[in-house]
Amino acid sequence: MRDFLLLYINGVRHQIHAHQARMSLSDFLRRELGQIGTKIVCSEGDCGACSVLVGRVHEDGLRYEAIDSCIAFLFQLDSTHIVTVEGLAKAGSMNDVQQALVDCHGSQCGFCTPGFAMAMTAMQENDCSKDADSMRTGLTGNLCRCTGYVSILEAGLTAELAEGDRMDVLYPSEPMLQDFYAHSAEDIALIEDSTPPLLKKLSSPASISTNGQGKGFAASRVLCPVTLASALEVLREWPQSMIVAGATDIGVRVNKGQALPETILDLNRVKELEQLGVVDGKLVMGARASWTEVESLCRQQLEEFYQIVKVFGAPQIRNMGTVGGNVINASPIADSLPFYFVMDAELELRSAEGSRTVNINDFYQGYKKFDLQPGELLTRVTVPLPDEGELLRLFKVSRRLDLDISSFTAAIRIRLDGSRIAEAALAFGAVGPTVLRARNTEDFLVGREFSEATMREAGELAVAEVTPISDVRGSEDYRLQLTRNVFVKFYLEHQPDAVLL
Amino acid sequence: MTSIGKPLPHDSARGHVTGSALFIDDMPAQVGELHVGFVGSPVACGEIVRIDVQAALETPGVVACYTAEDVAGHNVFGLIVADDPFLAREEVMYVGQPVVVVAAETPAALELGRRAVEIECREKTPVLTIEQAIQENRFLGPVRKIARGRVDENLTSAPHRLQGTFKSGGQEQFYLESQAALAYPGEQGQIVVHSSTQNPTEIQAVIAEVLGLGQHEVVCICKRMGGAFGGKETQAAIPAIMAALVASKTGRAARVIYNKDDDMCVTGKRHEYFTRWECGFDDAGHLLALRCEYFSNGGATTDLSPSVMERTLLHGDNAYYLPHVEFTGKVCFTNLPPNTAFRGFGGPQGMIVIENVLESIAEKLGLDALEIRRANVYGVGSRNVTPYGQVVDKNHLPEIFETLAEDSDYQRRRIEIADFNAKSRLQVRGLALTGMKFGISFTTKFLNQGNSLVNIYTDGTIQVSTGATEMGQGVNVKIRQLVADEFAIDPRRVLMMATSTEKNNNTSPTAASAGTDLNGAAAVVACQEIKSRLRTFAAEHLADSESGLVASPEHICFAEGSVHDDRRPQVRIPFEQLCEDARRDRVDLGARGFFATPGIDFNRETGRGTPFFYFTQGAAVAEVVIDRFNGEMRVLRADLLIDIGRSINPGVDRGQIIGGFVQGMGWVTNECLTYNEKGELLSHSPTTYKIPAVTDIPPEFNVRMFPNHDNTHNIGSSKAVGEPPLMLALSVWAAVRNALSYVKPGAEIDLKSPATGEEILRVMTALEKDTTTNTLEVPARLES
């Protein structure tokens, strides 16, 4: 057991104790370390100005990815190496990405620029910036209001990181890895007494938000166990703890005024929850598998789901966000859920007492309500994959293609027997308090001819099964029309003569 | 070694990419510095019944709370009409309107203090929309009008007539650096304020007014802004006053950094517009008469709204000749934050209406809209006088249209698109070419001035200070190039200093695209003054009585880092040597330059004059594809051709062109401001307000500058580039409309801006349901 977090920032070792553990990484960088190159704009992971690199331990050493530092808490970052814009090159120089941004006029006002430099360096590190397409996909987490992106993309395609500017050369990983390994087996308990630090020491920025929006305060207990067994023990002892993995949602809520609860169970060190693969025709995903890992698996093996995952948040979000988080967040607009619903995915829930599995179609009970008992932890999601010949389409409609929350989601799975529909599963999101199955419409479809007329009629029926509201992402009418239209769209997209651009 | 015309990097590029360029929030804290924030009105309209700051003051770490009662000088200011309160006193006019300023030792204490402030209001029903304001006859300022010819007569006699209404939405500037200011007390009662502002002189003036100081007691400095786009022309004032008030009252440094949500909720934006229009035209689509009645949503105070409306009227014609025309404009007075400047400044709102009208005419006549635009574009030699009487001089629009249509392969793609649309049941494509003519100059005449301070040191290096503020647009590097070229030295020997009211007084805002025009010209004037002194000095120095070379300043040349007499070019004095020697000979190596744009004038009352020094022109072609079932739209290709004269820095200018276009694309596609019935903004962060992302830019994107060196009366024969490219994005909106015209040929298309996926789907659904064909032609006179 240890009472501090161990992390490196630009090669410098830091031990973080309880009173700072709940700070966001960006607050720590800017306020405690005075490293002001990391910029804060939205405090919600939607602009990427605060992007930094996080180097995490993998089999092959430290692997660096971009994350949004404004919604990452320090307690999530034990045994990582953080690199900020100040640390991208040797003091006083620029790496090739930075130089290319200068040469290609990639900065105008400069406020988003450090974030872009980080995201682009991350892509270089991972060798995924070779063509215009991957460059665009890799930069969806960074907003720029000045340049219109073209010059930034040009810089990205011009730059080639010199060997000397690669992270493992700038920051030899061996000493850091030795340090991490030496501490890797220790559970971490970061415990503060109940007096809010704020009242004890006014100058301490602990537990306060970026931009002064306030996180409130609470007596704090952050526990970062190493094994699933000890995580379940923590839950047995403190069943009310907040379970945090990627924090891409709670990070935002805290920045916008919500207080963190007294006890936090951080899952970032529990390796057992990282499982990911296709086993016996099923996609098996540990609750803490990151969306980046799921994306790379599905790119090879499950194209339809890949199309959804690749517009799920942005790289910075997918590098933190987890499979389990998207399920437990229980949002009716969660992008992954319609797929699970039509495939009858199973959730494995475990507690210190044992485990059970629940069909996802039975898991949600109302808006943000679900069947998880105190002391239980979602550990695994298992999704049966569609059979050969089954038609499966996943739909996401959002105002903007990338880094946007859905206005409407749907999944349609149909098995044909000749020209007739033998089986149909239909799930919709953002049109009710939970993701839902349109059972009446499914019943209607079974046994009918797979035709445009059938699908048109199904659309009309489905409209009666959804209850959308009007909000900032779209009106009720819009969502009803999308529900109605998705059926004929599905049909036409499966016609051999479909003309698509 | 001329540097003009070279794509030198942005002045701060290195600082930007390394994170070392300091913005206000990055500046080191001073000992005792206070964190300052505010508490705003909980309602959009009402009277303040009670303000209770007791609990806030008792919060540990809270140092002070101030209300309107604590303001020593004027509490009300405004550039056009003084109706903008710094802190609401009795009446509140929009949600979030600042009422109480809170200062605290830490951000956490500030937050707790803000939450502890109680403001009780007697709530009244707010007026939020243009429609409501029209109904209740609530307007700000007088009706504005620009007219020519006999509109009614020509509407009546026209072979065809159409009428309709048009709505365009507002737009958040979405600068990445939120409003920010840092103030601290200077000596002798002075206040020094660092503000993220386009208008340091205005900040100086309002702080002096509010604190009851002389303007000489306030210094305002702006090193750079993290974007502005018009949003920091007037709206930087309130946060700057907050910081100054606290600094003045407490004697401590005070910093205000708005968070993104507050910034979006309480600051003004681009005005949304509602327009009634009617037009008459002939079989070839020539516009014979056009009448537009524009209404803008001004918000709760005047701010810049009348000037914005004025620019709308001055751009209602866009690139097209209108023989008989009547434009009138009214600013609606509503309970929203005061809407303000945003790149284009009312121009886009006027121009999109006529582009919409031209699309309607094309659909009505069954002709390609490009034919209609060609028929109406301003001519060369004839059909070239604007509705307000200014001649469109050196007009390149017809040539730009032809070149672009050719380069973008318009005709071939038109055929392909028609073919695709006939075949595809899943998608529909559209194509449009729109024009752009944007007038350069402030329409408020006195603002068309700039001054500069040029200081040369004895090592031949130069510091330049002007009133131009750097918001990312690259004005600094452009002025640097202009100055370096005056002395024929390496631009690295010239540095642009932070903009400060201490160096340059009574400056105009960096706005109206005129930053480089005004301040660059003023810098050159100062350089020329110094050059004249140096010429005299150098002439003496280089004179050679033995060879009969008499001192003659006219023969002195500055070239390649040195000076020489052109009659004996082999003898050269390095520039730094010349400076050193000149100082020893007591020659003044500093000068102040002043420039006032000549020949412009505009009479608001008659709506006639020559408001613009020149026009920046261009055109764009956009192609879009739309999913017929969900309305999702992608821009497939864009081709821009723009005449910005002789570019001072093509790298920087290309960035302005592309950035402006993409920003305009956001305005006409995805950027949507949503308010609830209480007047609270629901889309107040990037989660819910979607500016274009990297994947939204067209995969095929061709940007060209029209070669043109004939704008000789402007600095370096250049043309302003800041705002104009935004309006090239009207092509994207028009292409969407064009795509929809294939859904049901001949039917009326009522597409608003922004053309969001939702809006597009709404129109497509209506088109498919509606069995009637074109119902646009209505002879009745518009009601006003």
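Residues numbered from 1 in each chain as written. Chains lettered and ligands numbered in written order. Predicted model: local features only at pLDDT ≥ 70, side-chain atom pairs only at ≥ 80, totals over all residues. Heavy atoms only, no water.

Topic: the overall build of chain B
Secondary structure assignment for chain B yields 19 helices and 31 strands. Projected onto the principal axes, the alpha-carbon positions of chain B cover approximately 90 × 80 × 45 Å. Contacts in chain B between residues at least 24 apart in sequence constitute 80% of all its contacts with a sequence separation of at least 6. By element, 50% of the accessible surface of chain B is carried by carbon and sulfur atoms, the whole surface being about 25,500 Å². Separation between the mean location of the 74 positive side-chain charges and that of the 97 negative ones in chain B comes to 3 Å. (Helix = DSSP H or I, 4+ residues; strand = E, 2+ residues; numbered from the N terminus. Contact = heavy atoms within 4.5 Å. Areas by Shrake-Rupley, 256 points an atom, 1.4 Å probe, with all protein chains shown as cover. Lys, Arg positive; Asp, Glu negative; His and termini not counted. Charge placed at Lys NZ, Arg CZ, Asp CG, Glu CD.)

Quick look at the pairing of strand S24 (residues 562-565) of chain B
All names here are of chain B. Every second residue of S24 is oriented toward a common face, with Ser-562 and His-564 on one face and Val-563 and Asp-565 on the other, all of them buried. Sheet topology places strand S23 (residues 556-559) next to S24; four bridges connect them, and they run antiparallel. In the strand pairing of S24, Cys-557 is matched with His-564. Note that S24 and strand S25 (residues 572-574) share three bridges and pair antiparallel. Along S25, the bridge assignment pairs Ser-562 with Pro-574. Counted between consecutive antiparallel strands, the loop separating S24 from S25 contains six residues. (Buried < 20%, exposed > 50% of the residue type's maximum accessible area, 1.4 Å probe, protein only. Pairing = 2+ DSSP bridges.)

Some details on the sheet that holds strand S10 (residues 276-279) of chain A
All names here are of chain A. Ordered in space as S10-S11-S16-S12-S13, the five strands form an open sheet in which the pairing is antiparallel. Of all the strands in the sheet, just S10 and strand S13 (354-359) have a single pairing partner and so form its edges. Along the sheet, successive strands turn relative to each other by an average axial angle of 20°, direction set aside. Relative to strand S16 (residues 377-384), strand S12 (residues 346-351) runs antiparallel, the two sharing five bridges. Its bridge partner being in S16, Glu-348 is matched across the sheet by Arg-380. Sheet strands in contact with helix H10 (residues 228-237) are S12 and S16, and its direction is about 125° off that of S16. (Axes fitted to C-alpha atoms, helices over the stretch in contact; angles between N-to-C directions.)

So, the domain arrangement of chain A
Residues and elements named next belong to chain A. For chain A, the assigned domains are domain 1 (5-86 + 169-266), domain 2 (96-161) and domain 3 (273-493). Each side of the interface is counted separately: domain 1 has 18 residues, and domain 2 has 13 residues. The tally of links between domain 1 and domain 2 comes to zero salt bridges. Inspection of the domain 1/domain 2 interface yields four residue pairs in polar contact (both at pLDDT 80 or more). A class-by-class count of the residues in the side of domain 1 that touches domain 2 yields 10 nonpolar, four polar and four charged. (Domains from an automatic or database assignment. Salt bridge = Lys/Arg side-chain N within 4 Å of Asp/Glu carboxyl O. Polar contact = N/O pair within 3.5 Å; in protein donor to acceptor, adjacent residues only side chain to side chain. Nonpolar A, V, L, I, M, F, W, Y, C, P; charged D, E, K, R; others polar.)

Quick word on the UniProt feature "domain: Aldehyde oxidase/xanthine dehydrogenase a/b hammerhead" (unreviewed entry) in chain B
Within this structure's numbering, the places UniProt gives as "domain: Aldehyde oxidase/xanthine dehydrogenase a/b hammerhead" (unreviewed entry) are residues 18-125 of chain B. Structurally, residues 18-125 of chain B is divided into 15% helix and 35% strand, and its ends, taken at the C-alpha atoms, are 50 Å apart. (UniProt positions renumbered as here; feature names shortened; annotations may be inferred.)

Regarding the pattern of salt bridges
Residues and elements named next belong to chain B. All told, the structure shown has 95 salt bridges over all chains when counted by the stated rule. Note that Glu-172 is salt-bridged to Lys-269, the shortest N-O span being 2.6 Å. Linking Glu-172 in the loop between strand S10 (160-168) and strand S11 (180-185) with Lys-269 in the loop between helix H8 (260-266) and strand S15 (273-281), this pair joins segments that are 97 residues apart in sequence. No difference in accessibility class separates Glu-172 from Lys-269, as the two residues are buried. As a salt-bridge pair, Arg-374 and Glu-371 come within 2.9 Å of each other at their nearest N and O atoms. One end of the pair, Arg-374, and the other, Glu-371, are both in helix H11 (residues 369-376), three residues apart, so they sit about a helical turn from each other. Accessibility expressed as a relative area gives 25% for Arg-374, which makes it partly exposed. Residues joined in a network through salt bridges with shared partners are Asp-407, Arg-413, Arg-429, Glu-623, Arg-637, Asp-639, Glu-700 and Arg-704.

A word on the interface of chain B and chain A
Each side of the interface is counted separately: chain B has 91 residues, and chain A has 80 residues. When chain B packs against chain A, close to 7,300 Å² is buried across both sides, 60% of that on carbon and sulfur atoms. When the area that chain B buries against chain A is broken down by residue, the three leading residues are Val-17, Leu-176 and Val-694 of chain B, summing to 11%. Taken together, the connections running from chain B to chain A amount to nine salt bridges. (Buried area = accessible area lost by both parts, 1.4 Å probe.)

A word on the nonpolar core
One finds Leu-139, Phe-428 and Phe-487 of chain A together with Phe-661 and Leu-740 of chain B to be the most contacted residues of the largest nonpolar core, which totals 202 residues. Every residue in contact with Phe-428 of chain A, bar those within four places of it in the chain, is listed here: Phe-408, Thr-409, Ala-410, Thr-434, Val-435, Leu-436, Ala-438, Ala-462, Val-466, Thr-483, Val-486 and Phe-487 of chain A. Counting residues in hydrophobic clusters, the runner-up holds 41 residues, among them Ala-287, Ala-289, Ile-360 and Leu-385 of chain A. (Core = buried A, V, L, I, M, F, W, Y, C linked by side-chain atoms within 4.5 Å.)

Quick look at the packing of helix H14 (residues 475-487) of chain B against helix H15 (residues 515-542) of chain B
Residues and elements named next belong to chain B. With their axes 9 Å apart at the nearest point, H14 and H15 run at an angle of 25° to one another. If you check the angle between H14 and H15, you find them roughly parallel. With respect to the hand of their crossing, H14 and H15 are arranged in right-handed fashion. Between H14 and H15, the residues in contact are Val-475, Lys-478, Ile-479, Leu-482, Val-483, Glu-486 and Phe-487 and Gly-515, Thr-516, Asn-519, Gly-520, Ala-523, Val-524, Cys-527, Gln-528, Ile-530, Lys-531 and Leu-534, respectively. Of the residues in the contact of H14 with H15, the class split is 10 nonpolar, five polar and three charged. (Parallel < 35°, antiparallel > 145°, perpendicular 65-115°, else oblique. Left-handed = near helix turned anticlockwise from the far one by under 90°.)

What about the packing of aromatic side chains?
Summed over the entire model, instances satisfying the criterion amount to 31 aromatic pairs over all chains. Consider the rings of Phe-305 of chain A and Tyr-340 of chain A, whose centres lie 6.1 Å apart with planes at 55°: the pair is tilted. Residue Phe-305 of chain A is found in helix H13 (residues 303-309), and its partner Tyr-340 of chain A is found in helix H16 (residues 337-343); the two are separated by 35 residues along the sequence. Side by side, Phe-305 of chain A and Tyr-340 of chain A carry an identical accessibility label, which is buried. Summarising the aromatic geometry, the rings of Tyr-321 of chain B and Tyr-378 of chain B are spaced 6.3 Å apart at their centres and angled 70° between planes, so their arrangement reads as edge-to-face. With a gap of 57 residues between them, Tyr-321 of chain B in the loop between helix H9 (305-314) and strand S17 (325-333) and Tyr-378 of chain B in the loop between H11 and helix H12 (397-407) connect regions that are remote in the sequence. We classify Tyr-321 of chain B as buried; its relative accessible area is 17%. Taken together through their ring pairs, the aromatic side chains of Trp-291, Phe-305, Phe-312, Phe-339 and Tyr-340 of chain A make up a single cluster. When the ring centre of Phe-23 of chain B is taken as reference, the NZ or CZ atom of Arg-224 of chain B above it lies at 5.8 Å. Above the plane of the ring of Phe-174 of chain B lies Lys-260 of chain B, whose end atom (NZ or CZ) is 4.4 Å from the centre. (Phe/Tyr/Trp six-rings, centres within 6.5 Å; stacked < 30°, edge-to-face > 60°. Lys NZ or Arg CZ within 6 Å of the ring centre and 35° of its normal.)

Here's the deal with the confidence of the model for chain B
Residues and elements named next belong to chain B. Chain-level pLDDT for chain B is 96 on average; 98% of the residues reach the 70-or-more range. Between residues 772-784, whose pLDDT stays under 50, and residues either more than four places distant or in other chains, the model counts 34 contacts. Across the predicted assembly, pTM comes out at 0.96 and ipTM at 0.96. (pLDDT = per-residue confidence, 0-100.)

Quick notes on the sheet that holds strand S2 (residues 46-52) of chain B
The strand order across the open sheet formed by three strands is S6-S2-S8 (chain B), and the pairing between neighbours is antiparallel. Sheet topology places strand S6 (91-92) and strand S8 (118-123) of chain B at the edges, where each strand pairs with a single neighbour.

Quick notes on a nonpolar patch on the surface
There is a patch of nonpolar side chains on the surface, built from Leu-79, Ile-80 and Val-81 of chain B and spanning about 220 Å² of accessible area. The residue Leu-79 of chain B is located in the loop between strand S4 (76-77) and strand S5 (84-85) in this model. (Patch = residues over 30% accessible without salt bridge, like charges linked within 9 Å, V, L, I, M, F, W, Y side chains within 5 Å.)

Thoughts on the domain arrangement of chain B
Residues and elements named next belong to chain B. When its domains are assigned, chain B resolves into domain 1 (30-124 + 174-266), domain 2 (273-443 + 604-769) and domain 3 (449-596). Using only C-alpha atoms to locate each centre, domain 2 and domain 3 end up separated by 41 Å. With 18 residues of domain 2 at the interface, the matching set in domain 3 holds 19 residues. Interface of domain 2 and domain 3: buried area, both sides summed, is about 1,300 Å²; carbon and sulfur atoms make up 64% of it. Looking only at domain 2, the three residues that lose the most surface to domain 3 are Phe-442, Ile-648 and Ile-715, adding up to 46% of its buried area. Put simply, domain 2 and domain 3 have one salt bridge between them. The salt bridge involving Lys-478 is made with Asp-653; its shortest N-O contact spans 2.7 Å. Where domain 2 meets domain 3, there are six residue pairs in polar contact (both at pLDDT 80 or more). When residues in the side of domain 2 that touches domain 3 are grouped by element, the largest group, three residues, is from helix H17 (residues 650-668).

Quick word on the packing of helix H19 (residues 476-493) of chain A against helix H19 (residues 757-769) of chain B
Running from amino to carboxyl end, H19 of chain A crosses H19 of chain B at an angle of 65°, the nearest separation of the two axes being 10 Å. Regarding the angle of H19 of chain A to H19 of chain B, the classification is roughly perpendicular. Here H19 of chain A runs over H19 of chain B; the crossing is left-handed. Together, Tyr-478, Gln-481, Leu-482 and Asn-485 of chain A of H19 of chain A and Gly-757, Glu-758, Leu-761 and Thr-765 of chain B of H19 of chain B make up the contact between the two elements. The residue makeup of the contact of H19 of chain A with H19 of chain B, split by class, is three nonpolar, four polar and one charged.

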